[in-house]
Amino acid sequence: MNKATVIEGFEAYRGEHCETTAMGNLLQATGVRLSEPMLFGLGQGLGFIYWDSKAMDFPFIGGRVKPDELAANLASRLQLTVHIEETSSAAKAWRNVASFIEQGVPVGLKLDSYYLDYFTSKVHFAGHYAVIYGFDDEFAYMADTRQQGGLVKTRLDHLALARNAKGPMSSRNRSFTLDPVKALPPLAPAVKESLTRNAQQFLHPPIRNIGVKGIVKMSEEIVKWPERSQNPQHDLPLTALLMERAGTGGALFRNLYRDFLQEAAELLDDANVARAHGRFAEIAPLWAEVASLIDRAGSTGDREPLRQASGLLLDIADRERAAMELLLA
């Protein structure tokens, strides 16, 4: 049997979303334990993007900030020292990782999930994050989201392909580690700063297809989806599934942000944050309803659910604008 190099006592951080779960695993290994909603909120994670181009088969709907930004925001708020490596050399990329594991330091990786053995859904997505905590001659031992199985393993050659992937959201062989955390800064000011910045970014996006403006854009475009797609019976249900299930924690990340706002309201004893929490508690089920309507339109070929979803998206945009304005008050 191959001798394994594994970090002893490593425990999986149980999370729903890949980037927060990866950061949770790295933090937990240094003795810091924060809830996933707190990590998501401190990372100013809530967002929205309606992304379409002629090169794409179908529009992409996202409910969070860009890949890598969440971890960078989180590191800034918590004053973490993050070491990031990127290289075009697969051999150097592996040496970077193996040397840390041998020192007992887990390593965050950015990957195309298509190549990972434990992913049953084979879709190219190069913005996935997981942590490696050990290896032997054949396998890498990984920590991933609860949905993907927590502690899992994948073949080393498949991991190399996942790390070296090209395409949207990819970063060539990106790995990252945390320095030991002696003490966190006071949490209340960090939370307050994250609330304010996330609200500003969401309410005042630089372009029309992101933030609250992006939701309005989606409401305009969604009724055209049957013409936009070559296979609506496939594309619409897949979009609905990704909105609800693809590591979002449900409701396009609104469940995670709702729970963060609840923690933030208690920590800050702030009535406006408590009101914003109440608003997002009402908003989250509406996103689940939008996903359900998109799924129904795809599976039945009926356009009426898309018209209903269009109206519901305008309502959501108004509600999210009002909720985020409370965080600036």
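Residues numbered from 1 in each chain as written. Predicted model: local features only at pLDDT ≥ 70, side-chain atom pairs only at ≥ 80, totals over all residues. Heavy atoms only, no water.

(A) Seen up close, the overall build of the protein. Tallying secondary structure elements over the protein gives 12 helices and 9 strands in all. Taking 329 residues into account, the globule formula puts the C-alpha radius of gyration at 20 Å, and the protein, at 20 Å, falls close to it. Taken over the C-alpha atoms alone, the protein extends approximately 60 × 50 × 30 Å along its principal axes. Per-residue burial for the protein yields a buried fraction of 51% across its 329 residues. Accessible surface, the protein as shown: approximately 14,800 Å² in total, 51% of it carbon and sulfur. (Helix = DSSP H or I, 4+ residues; strand = E, 2+ residues; numbered from the N terminus. Rg over C-alpha atoms; globule rule 2.2 N^0.38 Å. Buried < 20%, exposed > 50% of the residue type's maximum accessible area, 1.4 Å probe, protein only. Areas by Shrake-Rupley, 256 points an atom, 1.4 Å probe, with all protein chains shown as cover.)

(B) Structural context of unusual backbone geometry. Of note, Ala-251 is a non-glycine position whose phi angle comes to about 60 degrees, a positive value. Along the chain, Ala-251 falls in the loop between α9 (232-245) and α10 (254-268). On the accessibility criterion, Ala-251 (1% relative accessible area) is buried. Residue Leu-252 is not a glycine yet carries a positive backbone phi of 55 degrees.

(C) Representation of the nonpolar core within the structure. Membership of the largest hydrophobic core comes to 96 residues, with the highest contact counts inside it found for Met-142, Trp-225, Tyr-257, Trp-287 and Ile-294. With 12 residues, the top contributor of residues to this core is helix α11 (residues 271-300). (Core = buried A, V, L, I, M, F, W, Y, C linked by side-chain atoms within 4.5 Å.)

(D) Region of the structure containing the side chain of Lys-110. Position of Lys-110 relative to the elements: it lies in strand β5 (residues 107-111). In this structure the side chain of Lys-110 is engaged in a polar contact, spanning 2.9 Å, whose partner is the side chain of Ser-171. Contact partners of Lys-110, with chain neighbours within four places excluded, come to Pro-67, Asp-68, Ala-126, Gly-127, His-128, Tyr-129, Ala-162, Arg-163, Met-169, Ser-170, Ser-171 and Arg-174. (Polar contact = N/O pair within 3.5 Å; in protein donor to acceptor, adjacent residues only side chain to side chain. Contact = heavy atoms within 4.5 Å.)

(E) Spatial organisation of the environment of Gly-47. As for its placement among the helices and strands, Gly-47 is situated in strand β2 (residues 46-51). In sequence terms Gly-47 and Gly-211 are 164 residues apart; their C-alpha atoms lie 5.6 Å from each other. When neighbours within four sequence positions are excluded, Gly-47 is seen to be in contact with Gly-62, Gly-63, Arg-64, Val-65, Phe-202 and Arg-254.

(F) Here's a closer look at helix α3 (residues 69-78). Across the 10 residues that make up α3, a large majority, 7, are buried. On its buried face, α3 is in contact with α1 (18-29), α2 (36-42), β3 (60-64), β4 (82-85) and α6 (187-203). Taken from the residues just after α3, Gln-79 is the one with a positive phi, measuring 55 degrees.

Worth remembering: the numbers are spatial, not functional.
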